[in-house]
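Examining the three-dimensional arrangement
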Amino acid sequence: MSEVKLVRTECVDQVLVIWIDNPPINAGSLGVRQGVLDAVAQLQADPALQAAVLIGAGKTFVAGSDLREFGQPLQEPQLPVVIAAIEGCSKPVVAALHGAALGGGLELSLACDARVAAPGTRLGLPEITLGMIPGAGGTQRVPRRTGLLKGLELVCSGERITAEQAHDLHLVEQVVQGDLLQGAVAFAKGMQGRKQRIRDEAVAPVDTAAWDALAQQLLRKGKNRPNVAAAIEAVRWCAELPIDEALAKERTVFQNLRLGRDAFALRHQFFAERQTTKLPATLDVPALPFAHIAIIGAGTMGTGIAISALDAGLRVLLLEQDHAALERGLQRVRDFYDQRVTAQKLSADKAQARKAALQGSLAWEDLAAVDVVIEAVFEDLQVKQQVFARIDQHARPGAVLATNTSYLDIDAIANATARPQDVIGLHFFSPANVMKLLEVVKAASSTPQAIATAMALGKKLGKLPVLCGNGFGFIGNRIYNAYRKQVEFMLEDGALPEQVDAALQKFGFAMGPFAVADLSGLDIAWRMRKSQAATRDPQERYVSILDALCEQGRLGRKTGAGYYSYAEGKKSAAVDSSVQAVIEQASAARGLPRRTLSDEEIVRRALMAMCNEAALLLAEGVARQPSDIDVALVQGYGFPRWEGGPLFWLSQLDAATQASMQQELAEHVGHGFVKGDLHLLSI
Ligand code: NAI
């Protein structure tokens, strides 16, 4: 037994109430398992007891297992032993759910003879998102209640459902409106000693075609990861094998997967995300209010940020420079909500309420009413400085003033106001209502209040706010630039865009870098290159392929051609031999013999370029901690989550390999290469 008692019991009207008390989330740790096991033994032994209720103290039932245990040898008693004890006990046990019953928590409740739940309780099996499958009967007991197809969906998607949905799916016997404990005790007494084990229930067979179609769909959604295939197989055993055999097989698969590479990487991401939003004590101050915000600029980003804020229940003032642009922006937001209603993703009432919380304006005086201003106008320092000078005239004292700039110096923007201490960067990613990454950029004079408010606002919008320093491109774009430069070198060295894209996609990126470039438009980079031409070191390795393509009018997808060609109306990229000619000319112009690059070299160099840049960012203090870099790349740049992020990827290689990869990178970059200290990257 652990020193602190994580489980305590009391007797209420001949019912043993088993309280799980392991704050903050009542995680199913060793002490909890042992405590429940002991309580079940007490229930069995005491003739005065009729039944038991298993309930969580505090805010929740068991909201998951203790993830840290999963990377180590598991200690007895493990969860299946506890489950077997509950099922083997001759008296009924009722689980009383509130807050969340997730993963091992839900599995524990499914061992009970009934489940009652407070309204709004969340139930789910998130193991799939952590590289595993449920390992304590989730794949066998859930489908016995929901039917095989719905069970398959729940196991393979990790989706969370409410108590009300769970009731409709027969996972929960009763939704208790009043006092949960009282309701649970009454329910337990009403069972009159009857056992009602899910394991004894039969599962109805399903149509093979329907099964296959759903399984294929879930596999695709799950990026074909091995644990998704294993989960499908495990749910299939439900219909094919005796339950004990199926449970034993499920456990073996779980034990293997939890120690697999995907699971370690995904656990790393899980903890990295939590670490990211924890602020140091110096910044741990109360956030200022932010119920009403203004967004300046109703373009791509402004409207996306507006939707994100409206979805979070905030009031939004959208400010533009002219009537037509404002109307376009407002219409874009209204259309978005209308489409959500048509697609049955949002009720008409909710859509109406969100539209009503949006106000458009051309009058800067209206800024006086808001708590936070987010600027999303053109990416031009002078324009932004003018805009901030105007904001300064009208915003109320103490309002937080944020810029969504991608690259510009936030101090230079802050200094256009008389209150630089209230200015901060809030770098959203496109589409701003979808992407979870948000870089919160601290300017030289940003106050702890401004930072805390920006972080809290980010969380309220459902984002993962990553705090970073003010440096060109902040964390994400700076690393992405290093990566993009490196893949451009590869074109000169002998590769073609389609080969580089395929190799990196095979590694797991959502899209290859050249397909991404075509999608965002090559002209943005072209303009930036031109603006930097005068100050560029002439000895630096510079790849001119992008400039040559732009000069031919190939600006990416929007012009039907970039690194690839796009037939009219078609999104799919086609290889274009004229691009190959441009690339070969570039190699010839630099006197580089073209050679074949292996997929392995492509991935190695591209990722090492990210890691080297990450080390520089940490040394410069732009990034606060290594794990933030992994969060940024996974959440904002399509880096495969199951690889954990570039630094997790690097951590899997020994020091000698890392050093030789960095040396290789130095040779390809050549003049001006700055070597990052890889020791800074340990995660
Ligand atoms: P956009 O061109 O779609 O929208 C800019 C809007 O600002 C236009 O509607 C324009 O009328 C308005 N505007 C310009 N000057 C104004 C002024 N003085 N007063 C009021 N409104 C004014 O641009 P987009 O793509 O939305 O970018 C906005 C900012 O967000 C830029 O700083 C950009 O670097 C940044 N950003 C863009 C991302 C993207 O993927 N598009 C991603 C992250 C940041």
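Here goes a summary of the coordinates provided. Since we're looking at a predicted model, the values are computed, not measured.

1. A word on the overall build of the chain
- From N to C terminus, the chain includes 27 helices and 19 strands.
- For a compact globule of 683 residues, the expected C-alpha radius of gyration is about 26 Å, and the chain comes in at 28 Å, within 12% of that figure.
- Looking at the chain as a whole, 56% of its 683 residues qualify as buried.
- Long-range pairs, those at least 24 residues apart, make up 74% of the contacts in the chain between residues at least 6 apart in sequence.
- Summed over all atoms, the accessible surface of the chain reaches about 28,400 Å², with 53% contributed by carbon and sulfur.

2. Brief notes about the nonpolar core
- Judged by nonpolar contacts, the single largest core of 93 residues is most densely connected at Ile391, Ile475, Leu504 and Tyr563.
- The greatest single-element share of this core, amounting to twelve residues, is contributed by helix α24 (residues 599-620).
- When residues of this core are assigned to domains, at least three fall in each of domain 2 (290-469) and domain 3 (477-552 + 579-681).
- Setting aside residues up to four positions removed in sequence, Tyr563 forms contacts with Glu488, Leu491, Pro497, Phe514, Ala517, Asp518, Leu522, Ile545, Leu546, Leu549 and Val579.

3. What to know about the site of the ligand
- The ligand sits among 22 residues. The nearest are Met301, Glu320, Glu379, Lys384 and Ser406.
- At 2.5 Å from an oxygen atom of the ligand is found a side-chain nitrogen or oxygen belonging to Glu320.
- Burial of the ligand by the surrounding chains reaches 78%, relative to a free accessible area of 830 Å².
- Mapped by element, the contributors of at least two residues to the shell around the ligand are α12 (300-311), α15 (381-394) and β15 (423-428).
- Taken together, the residues of the shell around the ligand break down into ten nonpolar, nine polar and three charged.

4. Some remarks on the packing of aromatic side chains
- In the structure shown here, the tally under the stated rule is twelve aromatic pairs.
- Taken together, a centroid distance of 5.1 Å and an interplanar angle of 50° make the contact between Tyr480 and Tyr483 tilted. With Tyr480 and Tyr483 both in helix α18 (residues 476-493) and three residues apart, the pair spans about one turn of that helix. Just as Tyr480 is buried, Tyr483 falls in that class too.
- Aromatic rings pair up to connect Phe429, Tyr480, Tyr483, Phe507, Phe509, Tyr637 and Phe639 into one cluster.

5. Let's talk about helix α23 (residues 577-589)
- With 13 residues, α23 extends 18 Å from end C-alpha to end C-alpha; this agrees with the ideal 18 Å at 1.5 Å per step.
- Every buried residue belonging to α23 is among Val579, Val582, Ile583, Ala586 and Ser587, and all of these are buried. Viewed end-on, α23 has its buried residues packed into an arc of 135°, placing them on one side of the element. Across α23 from its buried face, at more than 90 degrees, point the exposed residues Ser577, Gln585, Ala588 and Ala589.
- Residues of α23 that are buried make contact with α18, α19 (497-507) and α22 (545-551).
- Immediately downstream of α23, the backbone of Gly591 shows phi near 70°, a positive value.

6. Re the packing of helix α5 (residues 148-157) against helix α8 (residues 208-221)
- Their axes nearest at 11 Å, the elements α5 and α8 cross at an angle of 10°. Relative to α8, the element α5 lies roughly parallel. Listed contacts from α8 to Leu148, Leu149, Leu152, Glu153 and Cys156 of α5 are Ala210, Trp211, Leu214, Ala215 and Leu218.
- Residues belonging to the contact of α5 with α8 are distributed by class as follows: nine nonpolar, no polar and one charged.

7. Side note on the environment of Glu568
- Turning to its location among the elements, Glu568 is positioned in the loop between β18 (565-566) and β19 (573-574).
- Residue classification places Glu568 among the exposed positions, given a relative accessible area of 83%.

8. Description of the sheet that holds strand β2 (residues 15-20)
- One open sheet holds the six strands; their spatial order is β1-β2-β3-β4-β6-β9, and the pairing between them is mixed. Both outer strands of the open sheet, β1 (7-12) and β9 (174-175), are each paired with one neighbouring strand and no more.
- Where strand β6 (residues 114-117) meets β9, two bridges bridge the pair, whose relative direction is parallel. Bridge pairing in β9 places Ala117 opposite Val175.

9. Points about the side chain of Glu643
- Its place among the elements puts Glu643 in the loop between α25 (626-636) and α26 (646-651).
- A polar side-chain atom of Glu643 sits 2.8 Å from a polar atom in the side chain of Arg261.
- Every residue in contact with Glu643, bar those within four places of it in the chain, is listed here: Arg261, Ala265, Phe507, Phe648 and Trp649.

10. A closer look at unusual backbone geometry
- With an omega dihedral of 5°, the bond running from Pro23 to Pro24 counts as a cis peptide bond.
- Within the secondary structure, Pro24 is located in the loop between β2 and α1 (30-45).
- Look at the link from Ser430 to Pro431: it is a cis peptide, with omega at -10°.
- Secondary-structure assignment places Pro431 in the loop between β15 and β16 (437-442).
- Phi at Asp13 takes a positive value of approximately 55°, unusual for a residue other than glycine.
- Mapped onto the elements, Asp13 comes out in the loop between β1 and β2.
- Asp13 sits in the exposed class, given a relative accessible area of 51%.
- For Lys223, which is not glycine, the phi torsion reads 55° and is therefore positive.
- With respect to the helices, strands and loops of the structure, Lys223 is situated in the loop between α8 and α9 (226-240).

Thresholds, definitions, all that
- Residues numbered from 1 in each chain as written.
- Predicted model: local features only at pLDDT ≥ 70, side-chain atom pairs only at ≥ 80, totals over all residues.
- Heavy atoms only, no water.
- Helix = DSSP H or I, 4+ residues; strand = E, 2+ residues; numbered from the N terminus.
- Rg over C-alpha atoms; globule rule 2.2 N^0.38 Å.
- Buried < 20%, exposed > 50% of the residue type's maximum accessible area, 1.4 Å probe, protein only.
- Contact = heavy atoms within 4.5 Å.
- Areas by Shrake-Rupley, 256 points an atom, 1.4 Å probe, with all protein chains shown as cover.
- Core = buried A, V, L, I, M, F, W, Y, C linked by side-chain atoms within 4.5 Å.
- Domains from an automatic or database assignment.
- Near = heavy atom within 4 Å.
- Polar contact = N/O pair within 3.5 Å; in protein donor to acceptor, adjacent residues only side chain to side chain.
- Nonpolar A, V, L, I, M, F, W, Y, C, P; charged D, E, K, R; others polar.
- Phe/Tyr/Trp six-rings, centres within 6.5 Å; stacked < 30°, edge-to-face > 60°.
- Expected span 1.5 Å × (residues − 1).
- Arc of directions from axis to C-beta.
- Axes fitted to C-alpha atoms, helices over the stretch in contact; angles between N-to-C directions.
- Parallel < 35°, antiparallel > 145°, perpendicular 65-115°, else oblique.
- Pairing = 2+ DSSP bridges.

In short, shape yes, function no, at least from these values alone.
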